[in-house]
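As a plain string of letters, each chain reads:
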Amino acid sequence: MSSGKVVIVVTSHSKLGTTDKNTGWYLPEVAHPYDVFTKENFEVVFISPKGGKSPMDEGSGVAFKEDSVCQSFLKNKEAMDKIASTGQAKDINPADVKGLFYAGGHGPMFDLPHATDIAELGAALYERGCVLGAVCHGTVVAIPSCYCIVRTTTLLGNILISKQAYCVI
């Protein structure tokens, strides 16, 4: 039985700035949350600013080739099919969603700050009391489109300094 639906927001952007270097979402920042959500019986839906195939940062695949969760994710046909055919914010009914998670990678830096439809979905979910989460560069969604939420909310996050985790509130 499903625990509900969680939306993972990934990028549509595949090039690092104006360079010819490939980028996209960062493998462990999608694979690990997906693993946690699915183990808790949530239905996971992927959306991106443009919909369709969402690019993975190829370097993250190399960097995490020994990570069992990442490798399981890449071998998971259902997950790969979802990443290859992401929906868009307009496809999501906020009443059906329990949480929204913004995945990181360099790609989000280029398209998420301008994805007002995704920001509006996040705001609608927040107003309904849904859990919103983001990792690493996925937090760029807060600049500037969700400033009104961030400005009035207590945030909890972790940062790594000198190989020791510190909690920031």
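Scroll up to find the structure.
Residues numbered from 1 in each chain as written. Predicted model: local features only at pLDDT ≥ 70, side-chain atom pairs only at ≥ 80, totals over all residues. Heavy atoms only, no water.

1. A look at the environment of Lys82
Move 1: Note that Lys82 resides in helix H4 (residues 77-84).
Move 2: Given the relative accessible area of 22%, Lys82 is considered partly exposed. (Helix = DSSP H or I, 4+ residues; strand = E, 2+ residues; numbered from the N terminus. Buried < 20%, exposed > 50% of the residue type's maximum accessible area, 1.4 Å probe, protein only.)

2. Some details on the nonpolar core
Most often, soluble globular proteins have nonpolar side chains that are buried together.
Move 1: Counting 18 residues, the largest nonpolar core has Ile8, Val10, Val30, Phe46 and Phe73 as its most contacted members.
Move 2: Of all the elements in the fold, those that place two or more residues in this core are strand E1 (4-9), helix H1 (27-39), strand E2 (42-47), helix H3 (68-75) and H4.
Move 3: The element best represented in this core is H1, accounting for five residues.
Move 4: If we skip the residues at most four places from it in the chain, Ile8 touches Tyr34, Phe37, Val44, Val45, Phe46, Ile47, Phe101 and Ala103.
Move 5: Core analysis: the next-biggest nonpolar cluster, separate from the first, contains 17 residues, Val7, Val45, Val140 and Val141 among them. (Core = buried A, V, L, I, M, F, W, Y, C linked by side-chain atoms within 4.5 Å. Contact = heavy atoms within 4.5 Å.)

3. Section: the pattern of salt bridges
Move 1: Overall, the coordinates contain four salt bridges when judged by the stated rule.
Move 2: With a shortest N-O distance of 3.6 Å, Lys15 and Asp20 are connected by a salt bridge.
Move 3: The class of Asp20 is exposed, set by a relative accessible area of 68%.
Move 4: Here Asp35 ties to Lys39 by a salt bridge, and the two come within 3.3 Å at their closest N and O atoms. Separated by four residues within a single helix, Asp35 and Lys39 lie in helix H1, roughly one turn from each other. (Salt bridge = Lys/Arg side-chain N within 4 Å of Asp/Glu carboxyl O.)

4. Topic: the pairing of E2
Move 1: Looking at chain direction, E1 and E2 are connected through six bridges and run parallel. Bridge pairing links Val7 to Val45 in E2.
Move 2: In terms of handedness, the path from E1 via H1 over to E2 forms a crossover that is right-handed. (Pairing = 2+ DSSP bridges. Right-handed = clockwise from strand over helix to strand, strands pointing away.)

Limitation: the analysis is restricted to geometry and does not speak to function.
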